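Geometric and topological summary
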Protein chains: 2
Amino acid sequence: MAERSAPTDGPVGPDPRRRSERARRAVLTAAAELLGEVGFAKMTVEAIAARAGVGKQTIYRWWPSKAGVLLDVFTELTGSGSEERLPDTGDLAADLKAVLRATVDEFNDPVIDRTARAFTAEIQHDSAFAEAVREQQLRPGLEAYKARLRSAQEAGEIDPGLDLDIAVELLTGPFHQRWLQRTAPLTHGYVDALVDTALRGMRPPG
Amino acid sequence: MAERSAPTDGPVGPDPRRRSERARRAVLTAAAELLGEVGFAKMTVEAIAARAGVGKQTIYRWWPSKAGVLLDVFTELTGSGSEERLPDTGDLAADLKAVLRATVDEFNDPVIDRTARAFTAEIQHDSAFAEAVREQQLRPGLEAYKARLRSAQEAGEIDPGLDLDIAVELLTGPFHQRWLQRTAPLTHGYVDALVDTALRGMRPPG
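Each chain carries its own residue numbering, running from 1 in the written order of its sequence. Whichever chain is written first becomes A and whichever ligand is written first becomes 1, with later ones labelled in order. Local features in a predicted model are, by the rule used here, given only for residues with pLDDT of at least 70; side-chain atom pairs are given and counted only at 80 or more, and totals for whole chains, interfaces and linings are based on all residues. Working from all heavy atoms in the structure, the side-chain values ignore hydrogens and water.

1. Some remarks on the relation of the copies chain A and chain B
Formally: A least-squares superposition brings the copies together, and it is based on the C-alpha atoms of residues with pLDDT no lower than 70 in both. Contacts: residue pairs with any heavy atoms within 4.5 Å of one another.
With an RMSD of 0.0 Å, the operation that places chain A on chain B is a rotation of 180° combined with a shift of 0.0 Å along the axis. Considering both components of the superposition, the chain copies are consistent with a two-fold axis. The residues that chain A uses at the interface reappear at the interface of chain B in 100% of cases, marking a shared surface.

Right, dumping it as structure tokens:
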């Protein structure tokens, strides 16, 4: 019988992964609070570290900048990102309305709204951060919609000739523009009407 | 006969309105140049004034902030704002494609792109400025589209029951989202396909 090897899960004592996870959550909470209290411009990595009770180097080990921390706050609060999938009950309109109503509720939450506005501003100036946001948030989000539309296309619910990239943008672009520019309120009634209007043009011919 | 009154157009010598207009243009040019050279964060009202050869107080008399100057740079470069109207040749798809192709060309111009990104970032932080952008740029732009759609509705080209606010967002939101997030290139082919796809859902029934 081979000698039993030592456990590979780390040293005796508190699990370092659990400790890291606690520190990570403390940083996200501190960043979300500071953003609300002082705004993005006045928020510093030092202040986040101090409030979270971690060293500044701990933050820089995990995140490239304060904007990067906020991106993770947003991902955490909205449960969005690479694992994102839309419901598929077989009723495309109902599924899209459910998702967009939930998104309305999220973006009407001041913490999520504030976080998303901070990194929307930041991606205009910082192209490396913009690429991170695209990879972590935007493309997975658009892909999740596209997969749901592809499934509807296969089920014969929408036109097989439809350009799905444009179809996704018809569903998400109006919402995004209205949120960003605050030209009108985001409500459940609005996204229901948006889905109905956008889908009119996606139905199979005849 | 009544005595002739003195001319009311100002004193003899250089017309002060013309002098103001020269100063205004010098400020806009200086701001556009500085934005390209140093970026929004490092650009100051002092530096704009120095380059334009005017006093700092002249800038503050006309604009509330450096972002306000950039808003006028954008309005000037794109010819947009309250006087904006869409062409109306009687062919809605052709008119929308013409306008959106021109908008593609504008947003692919680095000076316009940079200016629009700077104030898109700024409206996330500064709500008074955001309201100015909505009043000067966004609402007139959306209204111009809406007026063209209303005319198409009256001509029987699109469904009389269509919600025109949502219809406008279906045409402008996808473009805006793609530009802002740089998820894919802005081309003439793209906006042609966008117009065709969006209009499919707007045609009158039957």
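That covers the picture; the talk isn't over yet.
2. Points about the packing of helix H6 (residues 110–125) of chain A against helix H6 (residues 110–125) of chain B
Geometry of a packed helix pair, given as the angle between the helix axes and the separation of the axes. Here is the rule: Axes here refer to lines fitted to C-alpha atoms; in helices the fit is confined to the stretch in contact. Angles between the N-to-C directions go from 0 to 180 degrees. Labels follow the DSSP assignment, with helices taken as runs of H or I lasting at least four residues and strands as runs of E lasting at least two, numbered in each case from the N terminus. Orientation categories follow fixed angle ranges, with anything under 35 degrees roughly parallel, anything over 145 roughly antiparallel, 65 to 115 roughly perpendicular, and all other angles oblique. Two helices that cross are described as forming a left-handed crossing if the nearer one is turned anticlockwise from the farther one by less than a right angle, and a right-handed crossing if clockwise. Residues are grouped as follows: Ala, Val, Leu, Ile, Met, Phe, Trp, Tyr, Cys and Pro are nonpolar; Asp, Glu, Lys and Arg are charged; all remaining types, including Gly, are polar.
Their axes nearest at 8 Å, the elements H6(A) and H6(B) cross at an angle of 160°. Here H6(A) is positioned roughly antiparallel relative to H6(B), judged by the angle of their axes. As for how H6(A) packs across H6(B), the hand of that crossing is left-handed. Of the residues in H6(B), those in contact with A:Arg117, A:Ala121, A:Gln124 and A:His125 of H6(A) are B:Arg117, B:Ala121, B:Gln124 and B:His125. Partitioning the contact of H6(A) with H6(B) into residue classes produces two nonpolar, four polar and two charged.

3. Remarks on the UniProt feature "domain: HTH tetR-type" (unreviewed entry) in chain A
To keep things clear, this is the line we draw: UniProt positions are given in the numbering used here, feature names are shortened, and annotations may be inferred rather than shown by experiment.
The UniProt feature table records "domain: HTH tetR-type" (unreviewed entry) at residues 21–81 of chain A. Between the C-alpha atoms that bound residues 21–81 of chain A the distance is 19 Å, and the span itself is 75% helix and 0% strand.

4. Some words on the interface of chain A and chain B
A common way to report how large an interface is uses the accessible area buried once the components associate. For clarity, the threshold we go by: The quantity reported as buried area is the accessible area (1.4 Å probe) lost by two parts once they are put together, taken as the sum for both. Counted as salt bridges are all cases of a side-chain nitrogen of Lys or Arg within 4 Å of a carboxyl oxygen of Asp or Glu. Distance and chemistry together define a polar contact, namely a pair of N or O atoms within 3.5 Å, with one atom able to donate a hydrogen and the other to accept it when in protein, and with adjacent residues in sequence counting only for side-chain atoms on both sides.
Counting residues at the interface gives 35 residues for chain A, matched by 35 residues for chain B. The contact between chain A and chain B buries some 3,400 Å² in all, and 58% of this surface belongs to carbon and sulfur atoms. The largest contributions to the chain A side of the interface with chain B come from A:Gln124, A:Glu169 and A:Arg200, which together make up 18% of the buried area. For the pair chain A and chain B, the number of links is four salt bridges. Between A:Arg178 and B:Glu169 there is a salt bridge, and its shortest N-O distance comes to 2.8 Å. The interface formed by chain A and chain B contains 20 residue pairs in polar contact (both at pLDDT 80 or more). Those elements that place two or more of their residues in the side of chain A that touches chain B are H6, helix H7 (127–154), helix H8 (164–181) and helix H9 (188–200) of chain A. Element by element, the count of residues in the side of chain A that touches chain B is highest for H8(A), at eleven residues. Classifying every residue of the side of chain A that touches chain B by side-chain character gives 15 nonpolar, eleven polar and nine charged.

5. Here's the deal with the environment of A:Leu96
Residue and element names in this part refer to chain A. Residue position: Leu96 is located in helix H5 (residues 92–107). Along the backbone, Leu96 and Gly161 are 65 residues apart, and their C-alpha atoms lie at a distance of 20 Å. In this structure Leu96 touches Leu86, Tyr145, Leu171, Val195 and Leu199, once residues within four positions along its chain are discounted.

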